[in-house]
Every structure is written in C-alpha cells, then in structure tokens.
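Per-entry structural report
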Number of protein chains: 2
Amino acid sequence: MSTLMMSGLKVLDLTNNIAGPVCAAMLGDHGAEVIHIEKPVYGDDCRSFPPIIDGTSTTHMFVNRNKRSVVLDLKDKNAVSALLEHAKDCDVFIESCRPGVMARLGLDYDTISRLNPRVIYCSISAYGQNGPYAGKAGYDIIAQGFSGMMYYSGEKDGEPTKCGTAVGDFVGAVNAFGSIAAALYYRQLSGIGQHIDVSLARGLLWMTGCFDHLYTGVHRTRTGSHDASLCPYGIFRNGRGGSVVIGAVNVLLWKKLCLAMGRQELMDDPRFVTNDQRVKNSAEVIKIIEDWLGSLGSIEEAVKLLDEYGVPNTNVNSMEDILQDPHVKAVGWLKGIPVPPSVSTIESRLTPVGIAGFSETDIRTCCAPDLGEDTAAFLEAAGMRPDTVDSCLEKWGVPKGSD
Amino acid sequence: MSTLMMSGLKVLDLTNNIAGPVCAAMLGDHGAEVIHIEKPVYGDDCRSFPPIIDGTSTTHMFVNRNKRSVVLDLKDKNAVSALLEHAKDCDVFIESCRPGVMARLGLDYDTISRLNPRVIYCSISAYGQNGPYAGKAGYDIIAQGFSGMMYYSGEKDGEPTKCGTAVGDFVGAVNAFGSIAAALYYRQLSGIGQHIDVSLARGLLWMTGCFDHLYTGVHRTRTGSHDASLCPYGIFRNGRGGSVVIGAVNVLLWKKLCLAMGRQELMDDPRFVTNDQRVKNSAEVIKIIEDWLGSLGSIEEAVKLLDEYGVPNTNVNSMEDILQDPHVKAVGWLKGIPVPPSVSTIESRLTPVGIAGFSETDIRTCCAPDLGEDTAAFLEAAGMRPDTVDSCLEKWGVPKGSD
C-alpha cells in the first residue's frame with residue numbers, strides 16, 4: 001500500500017505559527033504538494049520556537065513536514081505576480097493573515113477565484129472573516145478563553161484553567177482540514193470552488209457551547225475532576241499521590257465496578273442504581289471509590305481489577321508513560337519524521353501523525369525544508385526571467401544555490 | 001444560496017452516545033441523508049441524557065438533528081438482512097461499537113465492502129480497531145486521561161485536571177468527519193472505498209503528544225494558568241476576582257502591551273525584550289501585568305486599553321457572556337435547531353452549528369426524529385413484505401403509525 005489520497009493536488013500555504021501550517025502538513029501527509037510561502041530572513045515564526053536542536057526548531061520539523069519552502073517578499077510586485085501565476089493552477093490556497101491583509105496584498109479570495117474559479121481558498125483566523133472582532137489578533141489561548149472552554153475547566157471553588165494542549169490551534173487545523181476535504185469532494189461533483197472561513201474561537205465554541213440554562217434555568221459550573229451530570233466519571237485518587245480515571249455511567253458498568261471493588265451489596269443500593277441517583281449522591285460514590293483505591297497496595301492493583309471486570313479506566317499518562325505504553329507501541333500512532341541534514345544529533349523527530357487509520361491509503365512523512373530552498377524553482381516555474389530570479393533571491397536574502 | 005455539499009449521499013449511522021452521532025449529524029448538516037439505526041425501546045443512549053424538556057433530551061435534539069430514526073433489533077435476522085440491503089447502496093457506514101461486535105453481527109467492513117466496494121466505512125472507538133487495548137471500552141474522559149491532555153492541565157503543584165468540554169468526543173467527531181470527507185474525495189477520483197479507523201484516544205494524543213524530552217532531556221510539566229514557553233501568555237488576575245486572557249509573545253506585541261500599561265520604560269528593558277527572556281523572568285512579567293490590572297477600576301478598563309493598542313486579549317467567557325457577546329450575535333455561529341412537536345415549552349434548541357463558514361454551500365438544521373419514526377419505510381424500501389414489517393415493528397416495540 002503506497003497510495004496517497006491527495007497526491008496531484010497543489011496547495012499554496014501562506015500560513016504561519018501552528019494552526020495553518022498543521023492543516024497544510026496534514027494535506028501533505030496525504031500526498032498533496034504543499035508549497036509553503038515564507039517571509040524573507042526569518043520565515044515561518046515556528047522556525048524559532050524552542051526547543052532548537054542543532055539550530056533547527058523541533059516545532060518547525062513537525063509542522064512543516066511534507067512541504068516545499070519558498071521565500072517571497074509579498075511587498076514586492078515580482079513576488080505577488082509569481083504567486084498569482086501559481087495560484088492559477090493551484091487546488092487549495094490557505095492563509096492565516098489578519099482579515100483584510102490578503103485584500104491589501106491583492107491576494108484575497110475574490111482576486112484568486114477570478115483567476116481560478118475552482119480554487120478552494122481557506123482563511124484561518126482567530127475570530128473569522130466577519131463581525132466586530134474580525135480585525136482582532138488571537139492565539140490558541142485567546143480561543144480557549146473566548147469559547148467558554150477555560151471557564152468550565154478547573155475546580156468548582158477555584159479559578160478557570162487553561163488546557164495543557166494547544167487545543168485551539170489543533171482543533172482549528174483539523175476543522176480546516178475537514179472543511180477543505182469536504183470542499184474538494186464537492187468540487188469534484190460540481191466544479192465549484194469556494195471560500196472557507198475557519199476561526200479558532202468558533203472551533204472551540206463549537207465543542208463547548210451549551211445554552212441549556214436558557215430552558216432549565218440551571219447554570220453550568222466548573223466541576224473539577226468530576227463530571228456534572230455523569231457519575232462515576234472522573235479522576236479518582238488513592239490519597240498517596242496515585243490516581244486513575246474511571247468512567248462507569250450505565251447500569252451494567254456500575255455493577256461491574258461494584259464487583260471489581262468487592263462491594264456486591266452496592267449493586268442494588270437505591271442510592272446508586274441509576275446515573276441520576278449517583279450524580280445526586282456523588283460525594284458518597286467518590287468516597288467509596290477513593291477509599292477502595294486507598295485500601296489497595298497500588299494503582300496498578302486497581303487497574304488490574306478494573307480491567308478484569310471490564311470497567312473503563314486509564315492511567316493519567318505523561319509523555320513518558322505514553323512511550324512505554326504497550327498499545328501505543330503496537331498500533332503505530334507515533335512516527336519518526338526525518339530531520340534536516342543539518343540536524344546531526346538525532347535521527348528523527350518522534351510525533352503522532354494521522355488523525356485516523358485508512359485501509360486503502362497511506363500517510364507519508366518527509367523532512368521539513370530549509371528556508372527558501374525551493375524559491376528559485378518556484379519563480380522559474382512562474383515564468384520569471386533568470387536574471388530577475390537572481391535579483392529577487394538577492395533582495396529577499398534567500399541563500400544562493402539553495403535548490 | 002441553498003446548496004448542500006453532501007446532498008445525495010446516503011449514510012447509515014450505527015453509532016451511539018456523542019462522538020459518532022455528532023459526526024453523522026455534521027454529514028446531515030451538509031445535506032447527507034442520515035439514517036440513524038437505534039436499538040429497540042430506548043434508542044440512542046443520548047435520548048436519556050439530561051436535561052430533559054417535555055420528555056425529550058436536549059442532547060438528543062442536538063446530536064441527532066438532520067437524521068431519520070430507524071429501530072432495528074440487530075439480533076434479529078430480519079433486521080440484519082434489511083440493513084444489508086440498504087448497505088448495498090449506501091455511501092457511508094458509521095459505527096461506534098466495541099471492536100469485534102460488528103463482525104459478530106455480520107456487519108463488519110469485510111462483509112459490507114463485499115456487497116458495496118465503494119462504501120466508506122468508518123469505525124469510531126476508544127482505542128482503535130487493533131492493538132492490545134482495542135477491546136477496552138472508553139469514553140471522552142478516558143481519552144483525556146490516556147492522551148496526556150489531562151496530565152498537562154492544571155497547576156504546577158496541583159493535580160491533573162480534566163477539560164470542562166467533552167473534547168475527546170468532539171475531536172473524535174471532527175476527525176471522523178474530516179476523514180470521511182477526504183475518503184469521499186478520493187472515492188470520486190478512484191472509485192475506491194475504504195475502512196477508516198477513528199480512535200478518541202488517538203485524536204487527543206494527536207494534539208497533545210510531544211516527545212522532545214527524548215532529545216533535550218527536559219520534561220514537560222503542568223504550568224497552571226501560564227504557558228511553559230511563551231510569555232506573557234495566560235490568564236491574568238486583578239486580585240479582586242476579575243481576570244483577562246492576554247497573549248503578547250512577539251517583539252511588537254510586547255511593546256504594545258507596555259504602551260497599554262503606560263510602562264514605556266519596559267519596552268527596552270533587557271529582562272523582557274525577547275520571549276525567551278520573558279519566559280526566564282516570567283514571575284516578574286506576570287506580577288507587572290497583574291499589578292497593573294489591580295491598579296485599574298475594572299477589567300473592562302484593561303480590555304479597553306488592550307484593544308486600543310491591539311494586544312490580543314479576551315474575557316474568560318461563560319455561556320452567559322457568550323450570549324451577550326456582540327461578535328457572536330453578529331456572526332451567526334449559533335443556530336436554533338427546531339425541536340420535536342412534543343416539546344412545546346421552547347421554540348428551538350440554541351447551539352453552535354458548523355465548524356467553518358462556506359461561501360458557496362449551506363448548512364441545514366432539521367429537527368431530530370422521534371424514536372423509530374422511519375422504521376416501516378426503511379423495511380419496506382429493503383423489500384420486506386408488509387406482514388413481516390408489521391410483525392417486526394411489533395417485536396421490536398416500535399410505535400404503530402409512527403411514520
């Protein structure tokens with residue numbers, strides 16, 4: 001099997017930081033030719049994100065895998081006309097500038113779609129292309145705060161808490177990927193391209209937003225390590241620093257949990273029979289489970305019993321735990337991405353690649369490019385004269401002989 | 001504009017709970033005909049999730065919008081053969097059973113793809129279809145614990161913290177949607193269907209996994225309200241219960257923040273010029289910002305100044321805040337989904353619909369179906385004789401005259 005779903009697609013990637021570049025990398029994973037347009041001298045901001053190994057950022061190795069790198073100074077008319085030339089036959093055009101910037105550069109959807117009506121043009125921003133906040137800059141953490149995700153995370157009597165993952169960026173990336181894929185499908189049927197408006201804030205609001213208080217009068221709150229409406233469903237501790245996540249919310253799983261704990265008498269206890277009753281008596285349920293954990297020699301002993309009886313559970317894994325995990329080792333969710341030749345102290349950069357497994361198509365992992373290494377070829381392919389190519393490379397500070 | 005990207009697609013949705021049904025609802029949003037296969041008597045577990053209004057779950061109204069409902073007892077051969085008949089001309093088949101169950105029912109990918117080689121068959125599970133944990137059940141919270149997301153959320157000296165959103169389920173849903181869309185595109189080109197293996201745990205690991213400690217020796221930790229490698233980037237408090245999220249990590253934004261605070265002298269202070277230096281001196285940076293917030297009359301005053309100078313910031317919004325937000329009101333990210341006729345006390349169920357905006361295609365929002373209301377039509381369309389239809393409806397407890 002070495003079939004790539006998106007081979008033959010040409011993607012112009014004018015994005016920066018995390019959300020946009022990750023989306024473009026995903027298209028590259030599936031075989032698209034992704035041409036990353038970077039600004040002179042520094043390139044994608046990711047190239048300076050720590051940690052740096054032998055002069056190269058590991059973040060860059062990750063988010064710019066499977067791409068070519070072209071340096072263009074978009075304030076230079078030569079750069080813009082070369083880009084427009086390539087836009088004529090690209091399939092996907094992705095940008096993550098502040099709304100309005102692409103129009104000022106003459107690279108907005110209206111312009112590109114006039115040259116190429118089949119183009120799928122995806123804009124990724126903090127707040128979307130319209131509305132009062134469209135012009136506001138934002139990052140992952142701004143999306144977390146805006147969407148409600150932060151407000152509802154943390155202890156009931158504590159403060160709102162940020163998620164330890166750049167969830168706003170990654171949800172933005174996967175939303176953009178799915179939207180582009182759907183638009184590609186629709187274009188195959190209809191011949192029609194379109195403009196896709198992805199917002200990091202909208203992505204997290206899409207998963208967090210629940211306005212049932214309008215109908216019930218009951219307002220959500222933070223509920224710490226446990227769920228507001230499911231029980232038992234949370235992180236349970238043994239009082240000695242050990243913890244395990246348990247979810248056992250239907251009738252059968254509660255019975256299995258009672259058996260695992262050796263507490264058969266609780267199976268039909270009227271306080272605990274249904275999820276609703278357990279939610280009402282959640283303090284007691286949590287105490288019963290945590291007392292049981294405390295009575296055992298170790299969390300491993302608890303996990304063994306929970307697994308034996310089929311109660312959903314997991315360790316609260318750190319990255320070190322994940323590397324040791326027998327399931328992760330067996331299923332191939334982690335891949336080593338080749339590193340640039342200048343990085344001599346490591347062989348590859350290990351990372352999770354692929355949001356799903358596909359039976360008939362593959363994922364590739366090619367090394368992230370050096371800054372600007374494909375610039376000359378890009379300009380020549382746009383029909384630029386060799387002497388103009390040379391002078392552009394010099395003006396934009398692109399290393400000679402880099403391609 | 002009333003064009004739907006996925007109209008004409010037939011989707012058999014054999015999923016339950018949140019992740020699978022939300023993915024299928026997204027396909028329905030874009031126009032696919034989604035036939036939700038539910039178990040007799042109770043149907044999708046969502047139908048009993050609180051809050052219940054006039055006998056109907058608001059969760060069900062949300063996750064089963066844009067679908068038909070067909071009740072089948074899959075232990076009954078009549079049900080399986082009717083389903084196989086429909087599988088012959090479906091485009092997408094989605095299931096979220098424990099791996100192995102579909103094979104026992106004779107409804108696994110091998111069987112369905114033999115009848116229909118173009119089928120895109122998507123399996124959604126906790127740990128994926130292969131590997132030592134494939135048989136383990138899991139929920140959103142299990143994926144959070146497994147993936148590392150939980151371990152890295154929370155205070156440095158505190159405990160791992162769960163995310164206040166069912167992020168594992170929603171990321172699973174959007175990963176499945178994007179994977180199905182990509183496979184639909186590829187099928188248009190190649191005629192080839194395939195089996196997609198979506199895991200809730202893999203989805204969150206995909207966004208959380210970072211193994212740079214292997215190369216640097218530096219292990220990640222929880223870092224509470226602030227980022228480990230970006231500064232200022234976190235939640236800042238005024239000491240009187242008010243807080244605001246600020247992200248200002250490049251040179252220009254730090255200068256703008258200094259101006260907003262009226263602290264021009266800090267712009268060129270060697271302790272704070274670069275992000276690296278600010279990360280090293282983060283305790284001082286946080287104190288400077290929080291002292292400034294404390295010196296102002298209110299958080300609103302701070303937000304006004306931050307906006308004036310273009311420093312990315314946001315309120316830590318609750319759902320009540322979001323409903324009042326002028327941007328949310330203007331951009332149409334929230335839609336009212338029509339409610340079933342039996343729900344008489346509310347007009348529609350307000351929810352965020354759509355992971356992105358599309359310029360040429362629309363999103364629809366149709367009411368979630370009553371349990372089993374399309375069963376008879378489904379059985380008849382599969383070629384079942386009227387008397388067998390009647391006896392099946394009776395055996396499976398489907399209300400008469402429900403369609």
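Quick note: structure is the one above.
Residues numbered from 1 in each chain as written. Chains lettered and ligands numbered in written order. Predicted model: local features only at pLDDT ≥ 70, side-chain atom pairs only at ≥ 80, totals over all residues.

Our next topic: the overall build of chain A. If you tally the helices and strands in chain A, you get 17 helices and 14 strands. With the C-alpha coordinates of chain A rotated into their principal frame, the extents come out at 85 × 50 × 40 Å. For chain A, buried positions account for 56% of its 403 residues. Of the contacts made within chain A by residues no fewer than 6 positions apart, 70% connect residues no fewer than 24 positions apart. (Helix = DSSP H or I, 4+ residues; strand = E, 2+ residues; numbered from the N terminus. Buried ≥ 20, exposed ≤ 12 C-beta atoms within 10 Å, placed from the backbone. Contact = placed C-beta atoms within 7 Å.)

A word on the packing of helix H1 (residues 19-29) of chain B against helix H7 (residues 167-190) of chain B. Working note: a packed helix pair is described by the angle between its axes plus the distance between those axes. All names here are of chain B. Where H1 contacts H7, the axes come no closer than 8 Å and their chain directions differ by 45°. Taken together, H1 and H7 sit at an angle that is classed as oblique. Judged by the twist between their axes, the crossing of H1 over H7 is right-handed. Touching Ala-19, Val-22, Cys-23, Met-26 and Leu-27 of H1 are Asp-169, Phe-170, Gly-172, Ala-173, Ala-176 and Phe-177, all from H7. For the contact of H1 with H7, a count of residues per class yields nine nonpolar, one polar and one charged. (Axes fitted to C-alpha atoms, helices over the stretch in contact; angles between N-to-C directions. Parallel < 35°, antiparallel > 145°, perpendicular 65-115°, else oblique. Left-handed = near helix turned anticlockwise from the far one by under 90°. Nonpolar A, V, L, I, M, F, W, Y, C, P; charged D, E, K, R; others polar.)

Next up on the list: the nonpolar core. Ranked by size, the top nonpolar core spans 256 residues in total, and within it Val11(A), Cys23(A) and Val11(B) carry the most contacts. The residues touching Val11(B), leaving out its near neighbours within four places in the chain, are Ala24(B), Leu27(B), Ala32(B), Glu33(B), Val34(B), Ile35(B), Cys90(B), Asp91(B), Val92(B) and Ile94(B). (Core = buried A, V, L, I, M, F, W, Y, C linked by C-beta atoms within 7 Å.)

Attention shifts here to the relation of the copies chain B and chain A. Of the two same-sequence chains, chain B is brought onto chain A (RMSD 0.0 Å, axial shift 0.0 Å) by a rotation of 180°. Such values leave the two copies arranged in the relation of a two-fold axis. (Least-squares fit on C-alpha atoms with pLDDT ≥ 70 in both.)

Next up on the list: the interface of chain B and chain A. Every contact between the two is made by 104 residues of chain B and, on the other side, 104 residues of chain A. With 14 residues, the single largest contributor to the side of chain B that touches chain A is H7(B). Class assignment for the residues of the side of chain B that touches chain A results in 57 nonpolar, 38 polar and nine charged. Strand direction decides the pairing type here: strand S14 (residues 357-358) of chain A and strand S8 (residues 194-199) of chain B, joined by two bridges, are antiparallel. Paired with Gly357(A) across the bridge in S8(B) is Asp197(B). (Pairing = 2+ DSSP bridges.)

Remember, this is a structural readout, not a statement about activity or role.
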